[in-house]
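The primary structure of each chain is shown beneath.
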Amino acid sequence: MAGATLGAPKAVSALLSGEMQETSQIIGTIGAIVEKYFGRKTRLELFHSWGSLWALLPKGGNAIWGSAADVDEVAKIPAGDDNGSYKVSPMITLTGEVESPKDVVRSGEEETCPTVSSSLLETDEVSIAQLRSTIEELAELKHVSPNDIISFLRKWSGGYGPTMMSSMIHHFDSDGYNNSSSKDKDEVLPIEKWHDPTVTPLPYAPDMKMYCLYGTGVPTERAYYYSKSRVKFYENSDSDSNSADESSSSTCANPFQFSDPPFILDSGMHDKDSSLVEYGVYTTDGDGSVPILSMGYMCVDGWIDSPLNPSRMDVIAREYLEQAEFDIKDPLRFGSHSGQHCDILGNVDFLEDVIKIVTDYEPVSSRILSDIENIARRINEHPFGGIKGKKGND
């Protein structure tokens, strides 16, 4: 039900800067108030405390998300950079450098040092120089591929470095499923890879059916425009202060903290002629939270005639087109035919199909209303696209 099978790009922006489409659209006075009392740094610290958010990072790497198969050709999204003999579509496009608003301290005001758990300080071995190096490596890239941004998030981990537990729970390598020998088939994959359906096969259950029920027709976050912030690191005398730039550091009791995220969503990127780019966010088809690529690719292609589906269980994909309507009795929802991520639980057609499935009253067949089948075809036709180990993608 509206499953983010291959993750969601909005997890990238949430873990990178504490921002997403919803926060980028809060502008003017209200936006200033939100930033003052629940700013991006506070949101970032909150999101990094949610270990499950790391499991929502896009899965499949450049082979799935870097092919731009679901990107509208009329959108003003960069073509990406060369990676060998093919182009990789960026998930993050860096537009320049801006001064962090958090670095501006008014005359007469005292600079407040951030706080951090003492247990983190005792166990974290990462240095400020390492964090700076990680940031600069990413800043040198104009177009940041899905693989690159996930690698950065794992190394940076909100300013705490790669030893932060949440970043160690899940692996995101894109080696694909290896079915080259019986020994490989019998090998138990490490638990860190269980979240990734492009690597971990379904259970052997020939009598089971899998249903993928999800909405479509709602603009959904897919890629972002970011600016590099002139971030200020807080450090104490015991940290590597000799290598620090005095203009971008401050003396505080706790090291490994920063005044603002090093990369900030560029909300100035707004295409008035196209609804695909709004306030720094590029959108594509989905259910408002998860792109159609994530919800549908495995269901219409990745698990079909694939070693990732060893028992060849039936996979039925059924889509529900967004038909928003206003109901005065329930003004916070989008009506009884909404296909949005949470509202679909109140979609009458969806509920009817669920009842048919659980009672086995009547067969429920696949129904494709989106462009997901063409998206899957374009991914597989890409020189390095598709599921490795699947026939035709070796």
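Overview of the structure.

Cut-offs and rules
Residues numbered from 1 in each chain as written. Predicted model: local features only at pLDDT ≥ 70, side-chain atom pairs only at ≥ 80, totals over all residues. Heavy atoms only, no water. Salt bridge = Lys/Arg side-chain N within 4 Å of Asp/Glu carboxyl O. Helix = DSSP H or I, 4+ residues; strand = E, 2+ residues; numbered from the N terminus. Buried < 20%, exposed > 50% of the residue type's maximum accessible area, 1.4 Å probe, protein only. Contact = heavy atoms within 4.5 Å. Polar contact = N/O pair within 3.5 Å; in protein donor to acceptor, adjacent residues only side chain to side chain.

1. Some words on the pattern of salt bridges
Part 1 of the reasoning: Under the defined criterion, the tally for this structure stands at ten salt bridges.
Part 2 of the reasoning: Measuring nitrogen to oxygen at the nearest pair gives 3.5 Å for the salt bridge that ties lysine 228 to glutamate 136. Of this pair, lysine 228 sits in strand E6 (residues 218–229) while glutamate 136 sits in helix H7 (residues 128–139), placing them 92 residues apart in sequence.
Part 3 of the reasoning: Of the charged contacts in the structure, one is a salt bridge between glutamate 381 and arginine 377, with a shortest N-O distance of 3.3 Å. Within this pair, glutamate 381 and its partner arginine 377 are both found in helix H13 (residues 372–381), separated by four residues, close to a single helical turn.
Part 4 of the reasoning: On the basis of relative accessibility, which here comes to 37%, the residue arginine 377 falls in the partly exposed class.
Part 5 of the reasoning: Shared partners join several salt bridges into a network, and the residues in it are Glu352, Lys356 and Glu362.

2. Re unusual backbone geometry
Part 1 of the reasoning: A positive phi angle, near 55 degrees, is found at arginine 312, a position not held by glycine.
Part 2 of the reasoning: In this fold, arginine 312 is placed in the loop between helix H11 (292–302) and strand E13 (314–321).

3. Let's talk about the environment of arginine 367
Part 1 of the reasoning: With respect to the helices, strands and loops of the structure, arginine 367 is situated in the loop between helix H12 (348–359) and H13.
Part 2 of the reasoning: Taking the relative accessible area as the measure of exposure, arginine 367 reaches 28% and is therefore partly exposed.
Part 3 of the reasoning: On a C-alpha basis, the gap between arginine 367 and arginine 318 in space is 4.6 Å, while along the polypeptide they are 49 residues apart.
Part 4 of the reasoning: In contact with arginine 367, not counting residues within four places along its chain, are Ala317, Arg318, Glu319 and Tyr320.
Part 5 of the reasoning: In terms of polar contacts, arginine 367 uses its side chain to reach the backbone carbonyl oxygen of glutamate 319, at 2.8 Å.

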